[in-house]
Amino acid sequence: MTAATIGHASKPKSKRASSLWAENLSSFWFLLPIIIIFFILTVVPLAQSFFYSLTDYDGYSENFGFVAFSNYAAIFKDPSLLSALGFTLLYAFGTTLLVTCFAIPLAVTLNKAMWGRSFARSLFFFLGVPAQAIIGLIWQYIFSPLGSGVMNKVIAVFGIPNIPWLADDNWARFCVIFVAVWMQVGWHATLYLAYLQTIPADLYEQARVDGANSRQQFFHITLPQLIPGIVVSMFLLMTGGLKIYDLPYTLTGGGPGYATNTLSQAIILKGIGQSQYGLGSALSVCFTIACILVIAAQTGIANAVEKRFQ
């Protein structure tokens, strides 16, 4: 190979390299505003929270001292915080599984040709439109443990004594999760409905020709095709469940006791209500780490499932 040939070969490479560098530089300038906003609104507050979590700062006084990791140790000694952690995880995983199990069959049903289908779709979708705080207040009246509560009036017709819906630990947890599932099933069914309408009808026609019944079509065609929708839906449910605050607060106030207290409510109560800003910051740091671990695990499982059905 002559020197001229080598020179001609190196010129296209240098042009491609310079073009790639210019493209990356232009992409960086487009992303720079987003990076700056993310740094200001996320990285800086997280760093400040970690700093204050190592102090006894009360949120008001300018004088505070460093207490190292004492706040973190106090988290695992406080029964109210451990209760908040347990209920938050129960709520997040419970609502995610239940909404998914109910939303997929509902979406399949609403996808079939039937009378009043459009009205039924709108009805289930609009169940989740009102704010969670409003829904919590409405269901607080329905699940009132007094005899004047709607549910207790209904069961009294059948001779069943009053049930302490919101006055008992287990019943209160059940009520919060029930309302959350009732509120979110319709919205996520609408999400699955959008994915169902993208499945080619030829797949079902071929399956019917091959003699597949409805159950076989669901498990071998519908469910695998819904995997991307399931990943999106479960991601939204899990992230929303971990940071839940307004529904349990308006429905039960975190009670009875600390039975339905959530981590978000505990952070606000400790950091602002009780002027324990350092402890609240430590709890928020632990909460952030827990969310990252849960979401990372969920993402890994989702990727593995998607590869399995590809």
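Residues numbered from 1 in each chain as written. Predicted model: local features only at pLDDT ≥ 70, side-chain atom pairs only at ≥ 80, totals over all residues. Heavy atoms only, no water.

**Focus on the overall build of the chain**
Then, in step 1: Looking only at helices and strands, one finds 13 helices and zero strands in the chain.
Then, in step 2: Across the chain, helices and strands are ordered from the amino to the carboxyl terminus as α-α-α-α-α-α-α-α-α-α-α-α-α.
Then, in step 3: Its C-alpha atoms give the chain a radius of gyration of 27 Å, more than 25% over the compact-globule value 19 Å for 310 residues.
Then, in step 4: Structurally, the chain occupies a C-alpha span of about 100 × 75 × 30 Å along its principal axes.
Then, in step 5: The burial tally for the chain puts 34% of its 310 residues in the buried class.
Then, in step 6: In the chain, once contacts between residues fewer than 6 apart in sequence are set aside, the share between residues at least 24 apart is 65%.
Then, in step 7: Total accessible area on the chain stands at roughly 18,400 Å², and carbon and sulfur atoms take up 69% of it.
Then, in step 8: The centroid of the 16 positive side-chain charges in the chain is displaced by 13 Å from the centroid of its 12 negative side-chain charges. (Helix = DSSP H or I, 4+ residues; strand = E, 2+ residues; numbered from the N terminus. Rg over C-alpha atoms; globule rule 2.2 N^0.38 Å. Buried < 20%, exposed > 50% of the residue type's maximum accessible area, 1.4 Å probe, protein only. Contact = heavy atoms within 4.5 Å. Areas by Shrake-Rupley, 256 points an atom, 1.4 Å probe, with all protein chains shown as cover. Lys, Arg positive; Asp, Glu negative; His and termini not counted. Charge placed at Lys NZ, Arg CZ, Asp CG, Glu CD.)

**A few points about the nonpolar core**
Then, in step 1: Tyr91, Trp139, Phe143, Val179, Tyr192 and Leu247 are the most contacted members of the largest nonpolar core, which has 40 residues in total.
Then, in step 2: Secondary-structure elements contributing two or more residues to this core are α3 (79-110), α5 (132-142), α7 (169-196), α8 (201-209), α10 (227-242) and α11 (246-251).
Then, in step 3: Here the element with the most residues in this core is α7; it accounts for 12 residues.
Then, in step 4: If sequence neighbours within four positions are ignored, tyrosine 192 has contacts with Thr100, Ala103, Ile104, Ala107, Leu226, Gly229, Ile230 and Ser233.
Then, in step 5: In this structure, Leu54, Met238, Leu263 and Leu283 belong to the second largest nonpolar core, which totals 19 residues. (Core = buried A, V, L, I, M, F, W, Y, C linked by side-chain atoms within 4.5 Å.)

**Points about the environment of asparagine 152**
Then, in step 1: Tracing the sequence through the fold places asparagine 152 in helix α6 (residues 150-156).
Then, in step 2: Sequence separation between asparagine 152 and isoleucine 142 is 10 residues, and the spatial gap between their C-alpha atoms is 8.4 Å.
Then, in step 3: Setting aside anything within four residues of it in sequence, one finds asparagine 152 in contact with Ser144, Pro145, Leu146, Gly147, Asn162, Ile163 and Trp165.
Then, in step 4: A polar side-chain atom of asparagine 152 sits 3.0 Å from the main-chain amide nitrogen of isoleucine 163. (Polar contact = N/O pair within 3.5 Å; in protein donor to acceptor, adjacent residues only side chain to side chain.)

**Concerning the packing of α5 against α7**
Any two packed helices are characterised by how steeply their axes cross, that is the angle between the axes, and by the distance between the axes.
Then, in step 1: Interhelical geometry of α5 versus α7 gives an angle of 125° and a closest axis separation of 11 Å. The orientation of α5 relative to α7 falls into the category oblique. Remark: the crossing between α5 and α7 carries right-handed chirality. In this structure, α5 uses Gln132, Ile135 and Trp139 to contact α7, whose residues at the interface are Phe178, Val179, Trp182 and Met183.
Then, in step 2: Residues belonging to the contact of α5 with α7 are distributed by class as follows: six nonpolar, one polar and no charged. (Axes fitted to C-alpha atoms, helices over the stretch in contact; angles between N-to-C directions. Parallel < 35°, antiparallel > 145°, perpendicular 65-115°, else oblique. Left-handed = near helix turned anticlockwise from the far one by under 90°. Nonpolar A, V, L, I, M, F, W, Y, C, P; charged D, E, K, R; others polar.)

**Quick notes on the side chain of threonine 222**
Then, in step 1: When you line up the elements, threonine 222 lands in helix α9 (residues 214-225).
Then, in step 2: Apart from residues no more than four positions distant in its own chain, threonine 222 is found in contact with Val108, Leu196, Ile199, Tyr204 and Gln217.

**Some thoughts on unusual backbone geometry**
Then, in step 1: The step from glycine 255 to proline 256 runs through a cis peptide bond, and the omega angle for that step is 0°.
Then, in step 2: By secondary structure assignment, the location of proline 256 is in the loop between α11 and α12 (263-273).
Then, in step 3: For alanine 68, which is not glycine, the phi torsion reads 55° and is therefore positive.
Then, in step 4: Its location among the elements puts alanine 68 in the loop between α1 (3-53) and α2 (70-75).
Then, in step 5: Of note, serine 275 is a non-glycine position whose phi angle comes to about 55°, a positive value.
Then, in step 6: Within the secondary structure, serine 275 sits in the loop between α12 and α13 (277-309).
Then, in step 7: Judged by its relative accessible area of 28%, serine 275 falls in the partly exposed class.

**Overview of the pattern of salt bridges**
Then, in step 1: Applying the stated criterion across every chain yields a total of one salt bridge.
Then, in step 2: Between lysine 270 and aspartate 78 there is a salt bridge, with its nearest N and O atoms 3.1 Å apart. You can see lysine 270 sitting in helix α12 and its partner aspartate 78 sitting in the loop between α2 and α3, a full 192 residues away along the chain. Across the pair, aspartate 78 and lysine 270 agree in class, each one buried. (Salt bridge = Lys/Arg side-chain N within 4 Å of Asp/Glu carboxyl O.)

**Focus: the packing of aromatic side chains**
Each aromatic ring pair is summarised here by two numbers: the centre-to-centre distance and the angle between the ring planes.
Then, in step 1: Using the criterion set out here, one finds 20 aromatic pairs in the structure.
Then, in step 2: Judged by centre distance (5.5 Å) and plane angle (80°), the ring pair of phenylalanine 51 and phenylalanine 66 falls under edge-to-face. Of this pair, phenylalanine 51 sits in helix α1 while phenylalanine 66 sits in the loop between α1 and α2, placing them 15 residues apart in sequence.
Then, in step 3: Relative accessible area serves as the criterion here: at 59%, phenylalanine 66 is assigned to the exposed category.
Then, in step 4: Taken together, a centroid distance of 6.0 Å and an interplanar angle of 80° make the contact between phenylalanine 143 and phenylalanine 178 edge-to-face. Note that phenylalanine 143 is positioned in the loop between α5 and α6 and phenylalanine 178 in helix α7, a separation of 35 residues in sequence.
Then, in step 5: Note on phenylalanine 143: relative accessible area 2%, which makes it buried.
Then, in step 6: By relative accessible area, which is 34% here, phenylalanine 178 ends up partly exposed.
Then, in step 7: Joined through ring pairs, the aromatic side chains of Trp139, Phe143, Trp165, Trp171, Phe174, Phe178 and Trp182 make up one cluster. (Phe/Tyr/Trp six-rings, centres within 6.5 Å; stacked < 30°, edge-to-face > 60°.)

Nothing here speaks to function; it is all geometry.
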